[in-house]
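Summary of the model geometry
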Amino acid sequence: AAALLLTLQFGALAGVRPEAVEDIAALVRAHRQGDERIGEYEAFVRNLVFYTRTRTVSIVDDAGALAFLASPDRVFLVVHRQDLERLTALRAMPLNTLRGVTYLNTAGVRLRTLLAPLPEEDLETVVLVSNR
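Residues numbered from 1 in each chain as written. Predicted model: local features only at pLDDT ≥ 70, side-chain atom pairs only at ≥ 80, totals over all residues. Heavy atoms only, no water.

Going through the model one piece at a time under the given rule, you end up with 4 salt bridges. One salt bridge in this structure joins R86 and D62, with 2.8 Å as the shortest N-O distance. Taken as a pair, R86 in helix α5 (residues 81-90) and D62 in helix α4 (residues 62-69) lie far apart in primary sequence, 24 residues in all. With relative accessibility at 34%, the residue R86 sits in the partly exposed group. Here D62 falls in the buried class, since its relative accessible area comes to 19%. (Salt bridge = Lys/Arg side-chain N within 4 Å of Asp/Glu carboxyl O. Helix = DSSP H or I, 4+ residues; strand = E, 2+ residues; numbered from the N terminus. Buried < 20%, exposed > 50% of the residue type's maximum accessible area, 1.4 Å probe, protein only.)

Dropping the structure here:
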């Protein structure tokens, strides 16, 4: 089982380009005009800064995300779809959903993922939203 997981991790699933973080970074570059801040809410926290080549704001909780989105300036937030749904349920605010990327997070692949895949649980969707 360990050999199979390693083979998938570094063989079949490795090198698929562009990766989800690259797609989100390209979206940020396409929509960003000037120096609007980019927030990361538990999505691509280590890689997004590399692919956007722009400093990002690390957001660690719902209150921080809501405060970030309430900024008087235009800001972008990279967030998991389920977190965004929870945030919009907490406080209704107009948000512009630019696009989402659905991908298989290979770090979360387990034997159950291979034997009995559940796409609604195994696939993650990260979206890029702006407050204006």
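Looking now at the nonpolar core. Among the nonpolar cores identified, the biggest contains 17 residues, and I24, F44, L48, V78, V126 and L128 are the most heavily contacted of them. Of all the elements in the fold, those that place two or more residues in this core are α2 (20-31), β3 (75-80), β4 (96-104) and β5 (123-130). At 6 residues, α2 tops the list of elements feeding residues into this core. Contacts of V78, omitting those with residues within four sequence positions, involve I24, I38, G39, E40, Y41, A43, F44, L48, V126, V127 and L128. Listed in part, the 14 residues of the second largest apolar core include Y41, F68, L87 and V129. (Core = buried A, V, L, I, M, F, W, Y, C linked by side-chain atoms within 4.5 Å. Contact = heavy atoms within 4.5 Å.)

An order of β2-β1-β3-β5-β4 is seen for the 5 strands of this open sheet, with the pairing classed as mixed. The open sheet terminates on both sides in strands that have one partner only, identified here as β2 (57-59) and β4. Pairwise comparison of adjacent strand axes, ignoring direction, gives a mean angle of 20° for this sheet. Two elements, strand β1 (residues 37-41) and β2, share 3 bridges in a ladder whose sense is parallel. When the sheet's bridge partners are listed, E40 is paired in β2 with S58. Contacting β1, β3, β4 and β5, α2 runs over the sheet at an angle of about 165° to β4. Across the sheet, α5 lies against β1, β3, β4 and β5, angled at about 115° from β3, the strand it touches most. (Pairing = 2+ DSSP bridges. Axes fitted to C-alpha atoms, helices over the stretch in contact; angles between N-to-C directions.)

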